[in-house]
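# Structural features, examined
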Amino acid sequence: MGISRYLAMTAAEMETFSLPQGWLPAYMACHFSPYTTGLSNIPQELPPGSMLILNDRTPISGHDPQRIAQQLKDAWEQLHFDSMLLDFERQGYEDILSLCHVLVEQLSCPVGISSPYAQAIDCPVFLPPPPLDQPLAEYISPWQGREIWLDIAPEAAQFLITEDGSQLMHLPLSQPPENAHTDKGLHCRYRSEILEKEVRFRLWRDLPQIELLINHAQSLGITKCIGLYQELIAQKSTLSL
C-alpha cells in the first residue's frame, strides 16, 4: 500500500480550490473552545478520505476530555473522516497528554499524535519535517517499530562555518539557483561559498526535492505525509504526482 498524501487546508480553501490528483484534504483545524470545555470549529461536512486535525493554537485550559471525545465520535459518525491528527505544538501540558490517551482509546479511526506527546502512547507518531542536514532514515530511527506520519514543507537554510564552529540560520523561502547542486541523500539543493574567514553552505528543499523525499519516505514504510496547501500548492507551484 502506497503512502497517503494530505494537504492541510482551511474550510475556505477546501470550498474554493481543487486538490491535485493523488492528494487528500486534511481539515485545518478544530480548536479548544474559548467559551466551553469542548471543541470549536468542527466541520459540518468533509470530502471522502479526509483527515481531521485538532491543534492547540488555542491553549487547553480546563477542557473536558470526555466531552471532546464524544464530540469527535459524533463527528466521525457524521463525516466518516479517514484519520485524525492531534497536532500539538505546546509542550509540557499534562492535560494534553491525558486527552491524547482518551482519544486514542475511544476514537474508531487512526489517531496520529505529535512526537512530544506520542512517546508513551500506542499510536502513529507525527514528526516535524526532516532537517536539511540529516538523512531521512537516520531522522526516523528513534521511532523504529512505530507507524510514522511525516510533516513535509519547503525549507531554506544556511550553515556558516568559521574557526569558532558552525551556525545554522533558517532563511526565507526562495528558489535555488539553477547551478545549485543536488544531494540525493538529503533531498535538497545546495551551494557553497568559500570566503576569507568563513564558508557558507546554503541549502534548499524545493518542491521537486519534496517529491523525492515523499518517495523515499514511502520506501521506508512511512504511511502518511501531511503538508500545508498554502506552502505546497498556493504559491503558484505544482507537484508532479
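Residues numbered from 1 in each chain as written. Predicted model: local features only at pLDDT ≥ 70, side-chain atom pairs only at ≥ 80, totals over all residues. Heavy atoms only, no water.

Bringing the overall build of the chain into the picture now. The helix and strand inventory of the chain stands at seven helices and 14 strands. Against the globule reference of 18 Å for 241 residues, the chain gives a C-alpha radius of gyration of 19 Å, in line with a compact fold. Its C-alpha atoms give the chain principal-axis dimensions of roughly 60 × 40 × 35 Å. Per-residue burial for the chain yields a buried fraction of 45% across its 241 residues. Sequence-distant contacts in the chain: of pairs separated by 6 or more residues, those separated by 24 or more amount to 62%. Carbon and sulfur atoms make up 49% of the accessible area of the chain, which totals about 12700 Å². (Helix = DSSP H or I, 4+ residues; strand = E, 2+ residues; numbered from the N terminus. Rg over C-alpha atoms; globule rule 2.2 N^0.38 Å. Buried < 20%, exposed > 50% of the residue type's maximum accessible area, 1.4 Å probe, protein only. Contact = heavy atoms within 4.5 Å. Areas by Shrake-Rupley, 256 points an atom, 1.4 Å probe, with all protein chains shown as cover.)

Further remarks concern helix 2 (residues 65–79). With 15 residues, helix 2 ought to run about 21 Å at 1.5 Å a step, and its terminal C-alpha atoms sit 20 Å apart, in line with that. Of all the positions in helix 2, only I68, A69, L72, A75 and L79 are classed as buried. For helix 2, the arc enclosing every buried residue in end-on projection is 125°, short of the 170-degree limit, so these residues lie on one face. Of the exposed residues in helix 2, the ones pointing more than 90 degrees away from its buried face are E77 and Q78. A side-chain oxygen of the first residue of helix 2 lies 3.0 Å from the backbone nitrogen of Q66; this N-cap is D64. Within two residues after helix 2, H80 carries a phi angle of roughly 55°, on the positive side. (Expected span 1.5 Å × (residues − 1). Arc of directions from axis to C-beta. Polar contact = N/O pair within 3.5 Å; in protein donor to acceptor, adjacent residues only side chain to side chain.)

Looking now at the pattern of salt bridges. Going through the model one piece at a time under the given rule, you end up with three salt bridges. Notably, a salt bridge pairs D82 with K224, separated by 3.4 Å at the nearest N-O pair. Of this pair, D82 sits in the loop between helix 2 and strand 5 (83–87) while K224 is found in strand 14 (residues 224–228), placing the two residues 142 residues apart along the sequence. One salt bridge connects E155 with R205, and the closest N-O pair in it is separated by 3.7 Å. With a gap of 50 residues between them, E155 in strand 9 (residues 155–162) and R205 in strand 13 (residues 199–205) connect regions that are remote in the sequence. Each member of the pair, E155 as well as R205, is classed as buried. (Salt bridge = Lys/Arg side-chain N within 4 Å of Asp/Glu carboxyl O.)

Where strand 9 lies against strand 10 (residues 165–170), six bridges are found, and the strand directions are antiparallel. Within strand 10, the residue paired with I161 across the bridge is S166. (Pairing = 2+ DSSP bridges.)

All right, on to the confidence of the model for the chain then. Of all residues in the chain, 96% attain a pLDDT of 70 or more, and the chain-wide mean is 93. Within the model, the stretch residues 237–241 combines pLDDT values under 50 with 13 contacts to residues more than four positions away or in other chains. (pLDDT = per-residue confidence, 0-100.)

Moving on: the sheet that holds strand 11 (residues 181–183). Sheet strands line up and pair through hydrogen bonds in the backbone, either parallel or antiparallel. Strand order in the open sheet formed by five strands is 10-9-13-12-11, with antiparallel pairing between adjacent strands. Here the strands that pair on one side only, and so sit at the sheet edges, are strand 10 and strand 11. Here the strands of the sheet are splayed against their neighbours by 25° on average, with no regard to which way each runs. The sheet contacts of helix 6 (residues 207–219) involve strand 11, strand 12 (188–194) and strand 13, and relative to strand 13 the element is tilted by about 70°. (Axes fitted to C-alpha atoms, helices over the stretch in contact; angles between N-to-C directions.)

Moving on: the side chain of S114. With respect to the element layout, S114 can be found in strand 6 (residues 111–114). Exposure remark for S114: the relative accessible area of 4% places this residue in the buried category. At 3.0 Å, the side chain of S114 and the backbone nitrogen of F88 are in polar contact. Among residues more than four places away in sequence, those in contact with S114 are L86, D87, F88 and F126.

Another point: the nonpolar core. Among the nonpolar cores identified, the biggest contains 54 residues, and L54 and M84 are the most heavily contacted of them. In this structure L54 touches C30, H31, F32, L39, M84, L85, L86, D87, F88, L99 and L103, once residues within four positions along its chain are discounted. Counting 10 residues, the second largest nonpolar core, distinct from the first, contains Y6, A29, W149 and I226. (Core = buried A, V, L, I, M, F, W, Y, C linked by side-chain atoms within 4.5 Å.)

Turning to the side chain of S50, a few remarks are in order. If you trace the backbone, S50 turns up in the loop between strand 3 (39–40) and strand 4 (51–55). A residue is classified by how much of its surface remains accessible, and S50, at 0% relative accessible area, is buried. Among the polar contacts listed, one links the side chain of S50 to the backbone oxygen of P47, at a separation of 2.6 Å. Look past the residues within four positions of S50 in its chain and what remains in contact with it is Y6, P25, F81, D82 and S83.

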